[in-house]
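# Fold and contact review
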Amino acid sequence: MERTLEDLTAIDDKLSKRHIDLDPGGYFIIYLDREAGLICAKHYTNAIDDRGLAVDPETGKPIPARGKVQRTSTTLYRGRTAKEICVEIFEQEQSCPVTYLDHAAYLGREFVRAEIALVNGQEYVQD
């Protein structure tokens, strides 16, 4: 059975709406530095409360999923390719900031999307 790009996009869109447990190791904001030709990922710590919400470990207040949040990242990771940034995060850190395998898989997918956008001059928006 041959699938179209629209079929594959619909599958991904549906999967993006599924419930996932948040990683207590923190979260990443991924963006492109086009001038330097880099994929960048800022890592932020968080705690998970009894409702499953990511909260600021200092204040205990929920971290909003949308809008501007004034927080300081713990680490900035950079790579020229998806593989390079993955190696930096998962293989060169003394203590890997990712504690859930589904989070690691998500990051890998996002870094590949970011790399494709960087190479093709397209906009990148993190899923």
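The name recorded for the chain in an unreviewed UniProt entry is DUF4346 domain-containing protein, from Scytonema millei VB511283.

### Some thoughts on the nonpolar core
Considering soluble globular proteins, one finds that nonpolar side chains tend to be buried as a cluster. Phe28, Ile30, Ile39 and Phe111 are the most contacted members of the largest nonpolar core, which totals 18 residues. Elements supplying a minimum of two residues to this core: strand S1 (27-33), strand S2 (38-44), helix H2 (82-90) and helix H3 (101-120). The element best represented in this core is H3, accounting for six residues. Setting aside chain neighbours within four positions, we find Phe28 in contact with Ala41, Lys42, His43, Tyr77, Ile89, Pro97, Val98, His103, Leu107 and Gln126.

### Points about the packing of aromatic side chains
Applying the stated criterion across every chain yields a total of two aromatic pairs. Relative to Tyr44, the ring of Tyr27 lies with its centre 5.1 Å away and its plane at 10°, an arrangement referred to as stacked. Of this pair, Tyr27 sits in strand S1 while Tyr44 sits in strand S2, and the two are 17 residues apart along the sequence. Owing to a relative accessible area of 21%, Tyr27 belongs among the partly exposed residues under this scheme. Note on Tyr44: relative accessible area 11%, which makes it buried. Pairing Phe28 with Tyr77 gives two aromatic rings, centres 6.1 Å apart and planes at 45°, and the pair type is tilted. Remark: Tyr77 occurs in strand S5 (residues 75-79) and Phe28 occurs in strand S1; sequence separation between them is 49 residues.

Conventions used here
- Residues numbered from 1 in each chain as written.
- Predicted model: local features only at pLDDT ≥ 70, side-chain atom pairs only at ≥ 80, totals over all residues.
- Heavy atoms only, no water.
- Core = buried A, V, L, I, M, F, W, Y, C linked by side-chain atoms within 4.5 Å.
- Buried < 20%, exposed > 50% of the residue type's maximum accessible area, 1.4 Å probe, protein only.
- Helix = DSSP H or I, 4+ residues; strand = E, 2+ residues; numbered from the N terminus.
- Contact = heavy atoms within 4.5 Å.
- Phe/Tyr/Trp six-rings, centres within 6.5 Å; stacked < 30°, edge-to-face > 60°.

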